[in-house]
Amino acid sequence: MTAQTTDPTTGDGPVILGISAHFHDSAAALLVGGKLVAASHEERYTRRKQDPELPRNAVRDCLRQAGLRITDVDCVAYYEDPAKKLHRQLWAGLPAFPDNGPMARYRLDADRPRREIRDLLGWQGPIEFVDHHLSHAASAYYFSGFEDSAVLTVDAVGEWATTTWGVGRGAELELREQVEFPHSLGLLYSAVTGYLGFEVNEGEYKVMGLAPYGEPRFKEQIEQLIHVTEDGTFRLALEYFDFADPDGMLGERFEKLLGVPPRVPESEIETVHYDLARSIQLVTEETLLRMVDKAHRMSGSRNLCMAGGVALNVVAVRRIVEEGPFEHVFVQPAAGDAGGSLGCAAVAHQRLTGERPSQGRQRSALLGSGTDSEEIAGLLGAYAGHSFLDFRGDEPGLLDAVSARLAEGKVIGWYHGREEFGPRALGGRSILADPRGDDTRDRINASVKMREAFRPFAPAVLAEHAREHFALDHESPFMLETCEVASPLHLPAITHVDNSARVQTVTERHNGRFYRLIKAFADRTGCPLLLNTSFNLRGEPIVHTPVDALLCFLRSDIDCLVLDDFVLDRAALPRSWVSWFKGTRPPRHNQVSDSVYTLL
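Description of the structure in this document. All values derive from a computational prediction rather than experimental measurement.

Details of the sheet that holds strand β4 (residues 75-78)
The strand order across the open sheet built from 5 strands is β3-β2-β1-β4-β5, with neighbouring strands paired in mixed fashion. The sheet is open, and its two edges are formed by β3 (35-41) and β5 (127-129), each paired on a single side. Strand-to-strand twist of the sheet, defined as the mean angle between neighbouring strand axes without regard to direction, takes the value 20°. With 6 bridges joining them, strand β1 (residues 15-20) and strand β2 (residues 27-32) adopt antiparallel strand pairing. Its bridge partner being in β2, I19 is matched across the sheet by A28. Of the strands in this sheet, β1, β4 and β5 touch helix α4 (residues 112-121), which is tilted by about 150° from β5.

Some words on the pattern of salt bridges
Evaluation of the coordinates by the stated rule reveals 42 salt bridges. A salt bridge links R392 to E374, with the nearest nitrogen and oxygen atoms 3.1 Å apart. Pair noted here: R392 is in the loop between β13 (389-390) and α14 (395-407) and E374 is in helix α13 (residues 373-383), with a separation of 18 residues, a long-range link. Given a relative accessible area of 37%, R392 falls into the partly exposed group. On the basis of relative accessibility, which here comes to 52%, the residue E374 falls in the exposed class. A salt bridge links D400 to R524, with the shortest nitrogen-to-oxygen separation between them at 2.6 Å. Note that D400 is positioned in helix α14 and R524 in helix α18 (residues 513-525), a separation of 124 residues in sequence. On the basis of relative accessibility, which here comes to 40%, the residue R524 falls in the partly exposed class. If you follow the salt bridges from partner to partner, you end up with R48, D51, E53, R112 and E116 in one network.

Basis of the calculations
- Residues numbered from 1 in each chain as written.
- Predicted model: local features only at pLDDT ≥ 70, side-chain atom pairs only at ≥ 80, totals over all residues.
- Heavy atoms only, no water.
- Pairing = 2+ DSSP bridges.
- Helix = DSSP H or I, 4+ residues; strand = E, 2+ residues; numbered from the N terminus.
- Axes fitted to C-alpha atoms, helices over the stretch in contact; angles between N-to-C directions.
- Contact = heavy atoms within 4.5 Å.
- Salt bridge = Lys/Arg side-chain N within 4 Å of Asp/Glu carboxyl O.
- Buried < 20%, exposed > 50% of the residue type's maximum accessible area, 1.4 Å probe, protein only.

What follows is the structure in C-alpha cells.
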C-alpha cells in the first residue's frame, strides 16, 4: 500500500473499515486517524446468533456513528487471507457446501469476501487482506498501551495457524512462530464441548462454568489427546479426531479411552460430565501456562497481550496473571473472531502510515450504537400509554427509583448509552440485580435468562471498592479474568461454587451513569456492587434496539425495564402485553416494524 499520513476528507488520518465475516460472529470496526471510533456485531441487528454474513448493518451503523459514508473510507481491511484459508479447507477435504443453508459458512470460495465487499457495500477502493492470527495479535497489541509486548494468540483455526507467538515493539508487530492445523488447543476444547452435548463455538463458556463442580479424574485421558513439548508447542493425537465433522470431532476411539458415551444435548448433566469438564479445563490451563512461558522466553518483555477465542477462558487468564512470568497482561475484550475486525483495521493503518494506530490502552468496550431518549419517548408515548415513568432531566430521580427497586430484590433490564463490543455486557445492555439474594441466581437462570442452573453470574463493582470484596489488585474493566471472592458481605448470587467471580471494575469516567447507579445502590444498601449479566435470553444476541429490549422484557420475568430515561414496571403494564408475549419467540430484525407495536 502507498504510505499516507493524512486523510483528505477528515484531516485526521486515514479512515479504515475492518471486517470479519463468513465463519461466525461477523463484525465491523472503524478507525479514524488510528482511533477506534465504533465497532459492532452483525448479530445485534439481524437477531441471528453469531451471524456469519458480511456485516452490512454493522458497517452502516459504524459509519453513521462517525458521520461518514462509505466514500469517505480510505481502505477496507478483511480479517483473514481467503486464498490461504481455501488451501487449508481443500487439504482438510471439506465438501463444497452451497451458499444457503446451515453449512454455508463452510463454503469453499476464496473470492467471496472481495466480491461481497464490492457488491454489497458498494466499495471500489483498496482491500487489504490480513492473516487471521495477525488480526488477532494486532487487536490486542495495538490497543494495549504497551510500548513492547509478547503476543500470544490461541483459537480453533485461522488459515493454517491455530496458535502464534509474536513480539510487538513500537509500531512493529511480528509473528515469529506458530502451531498449524490440525493441531489446535481451541479445537480440542471445542471437541470436548461437543462431546458434552453443548454447541460448538457457543457452549465453551458452559464447559468452563461446569468445571468447578467436578474433579479432574479424566485428566490423564485428556492428556493422551495432546502432547506438549518442553519448549511450549504441542501436537494433538490425531487418531482420536474427525475435524471434517465440526459438531462431532471426537470419535469412537475417544469414547473407548474415556469409557463414557457422549452426552445427548439437553439431557441431564451428571457427575461424569462435571468431571470431564474439569479435566479439559485443567489441561487447557496447564497448556496455556507452558505457552506463556515460551512467549516470555521469546520476547524478554514484561508485558503479554492475548487474543483469539481461547483467550476468553477467564479461569485460565486468572492463572496466567497469577502464575505466569509477566508483570502485565492485556486481553482484547473482543478476543474472538469479531475482534478480528478491529485487528485487521489496525494492521491496515500501520501498513498505510507506518505508525501504530493507537498510543493508549483501550479503556472501554462501549463502541456500538447509542440511545436516543427522544426516540424512546415517542415509542413509549405512542404505545405504552401512561404505564411508564419519565425521568428526562432528572438523573438523580431515575437512579433513586432504580436503586430502590434493586434493593427490593427486583431484576432490572438496563438499556442506556452505547452498546458493548465483545461478548460481555458491561453496563450498556445489562440485566442487573442485588447480588445478596440467596435465590437470585436460580431465579434469573430459570425465569429470566432461561438457561442452565449451573451458569454463574458476574459482579460489577465500583473500582475504588474492588479490593474490599475481591482478591484483585488491578483494574478489570472487561470481565476477562476470575478471582477469589473475599467480601465481608454475603454474595451468593455472584459467587461461583469454587468461591470465584468474574469481576468488572467500574469507574465514572468510563462507565458514566452505570457507575452512578451502583453508587446510588451502595449509598442505599452499603453494597457497592451489582449482579451484571447480558440483556438477552438463552440462544439470542444481546438486545440492540429499544424494541429488542421491550420484547425481551415482556417475554421473561424481568421486573422492571429501564430504557434510557424511562422506567417501566411489569406490574404497571397492560395484562394483554405480558400474556401475549410470554413464551413467544421474537421476530427477526427485518420483521420488526411498526406492525409489532400494534400487537401491543
